[in-house]
Amino acid sequence: MYCIEEMVPRLEVYSVDEGFCDCRGMELTMPYEDFGRRTREHVLQCTGLMVGCGLAPTKTLVKLAQWASKE
């Protein structure tokens, strides 16, 4: 979570392995898709762990987007 906190203004830790980032306004600096990729790369570099990243306007849709991103 520390690695993700470095990249976002606000992070809500949901569980030991899940969190929700408040990304409002981030679209002004980079597309959301690029932000998701950079976040995944940053966590991989910091921890060696691969993570999933779902981006959506509500927490429910975020969970669905993350689930859909799995193989």
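All of these numbers come straight from a predicted model, not from anything done at the bench.

**Q** Which parts of the structure should I look at to understand the environment of T58?
**A** Among the secondary structure elements, T58 is positioned in the loop between α2 (32–47) and α3 (59–69). Along the sequence, T58 and I4 sit 54 residues apart, while their C-alpha atoms lie 19 Å from each other.

**Q** Mind showing me how you'd approach the pattern of salt bridges here?
**A** Oppositely charged side chains are able to pair whenever their charged atoms sit close together. A complete count under the given rule lists 5 salt bridges for this structure. Ionic pairing is found between E12 and K59, a salt bridge with its closest N-O pair at 2.6 Å. Of the two residues, E12 sits in strand β1 (residues 10–15) while K59 sits in helix α3, which places them 47 residues apart along the sequence. Residue classification places E12 among the partly exposed positions, given a relative accessible area of 37%. We classify K59 as partly exposed; its relative accessible area is 42%. With a closest N to O distance of 2.4 Å, K63 and E18 form a salt bridge.

**Q** Would you mind going over the nonpolar core with me for this structure?
**A** As a rule of thumb, nonpolar side chains are buried together in soluble globular proteins. Membership of the largest hydrophobic core is limited to 9 residues, which are C3, I4, V8, L11, C23, M26, M30, F35 and V43. The set of elements that each furnish at least two residues to this core consists of α1 (2–5) and α2. In contact with C3, other than residues within four places in its own chain, are H42, V43, C46 and T47.

**Q** How should α2 be read in this particular structure?
**A** Since the α-helix turns once every 3.6 residues, residues separated by three or four places project in the same direction. With 16 residues, α2 extends 22 Å from end C-alpha to end C-alpha; this agrees with the ideal 22 Å at 1.5 Å per step. Of all the residues in α2, the buried ones are F35, G36, T39 and V43. Mapping the buried residues of α2 onto a view down its axis gives an arc of 100 degrees, with all of them on the same face. Of the residues in α2, the exposed ones pointing more than 90 degrees away from the buried face are E33 and Q45. Tucked into the core, α2 has its buried residues touching α1.

**Q** Looking at this structure, how should I read the packing of aromatic side chains?
**A** Any pair of aromatic rings gets described here by the distance separating the centres and the angle formed by the planes. Applying the stated criterion across every chain yields a total of 1 aromatic pair. When the ring of Y14 is compared with that of F20, the centres are 5.2 Å apart and the planes differ by 75 degrees; the resulting orientation is edge-to-face. Residue classification places F20 among the buried residues on the basis of a relative accessible area of 10%. In this structure, K59 is placed above the aromatic ring of F20, and the distance from its NZ or CZ to the ring centre is 5.4 Å.

About the criteria used
Residues numbered from 1 in each chain as written. Predicted model: local features only at pLDDT ≥ 70, side-chain atom pairs only at ≥ 80, totals over all residues. Heavy atoms only, no water. Helix = DSSP H or I, 4+ residues; strand = E, 2+ residues; numbered from the N terminus. Salt bridge = Lys/Arg side-chain N within 4 Å of Asp/Glu carboxyl O. Buried < 20%, exposed > 50% of the residue type's maximum accessible area, 1.4 Å probe, protein only. Core = buried A, V, L, I, M, F, W, Y, C linked by side-chain atoms within 4.5 Å. Contact = heavy atoms within 4.5 Å. Expected span 1.5 Å × (residues − 1). Arc of directions from axis to C-beta. Phe/Tyr/Trp six-rings, centres within 6.5 Å; stacked < 30°, edge-to-face > 60°. Lys NZ or Arg CZ within 6 Å of the ring centre and 35° of its normal.

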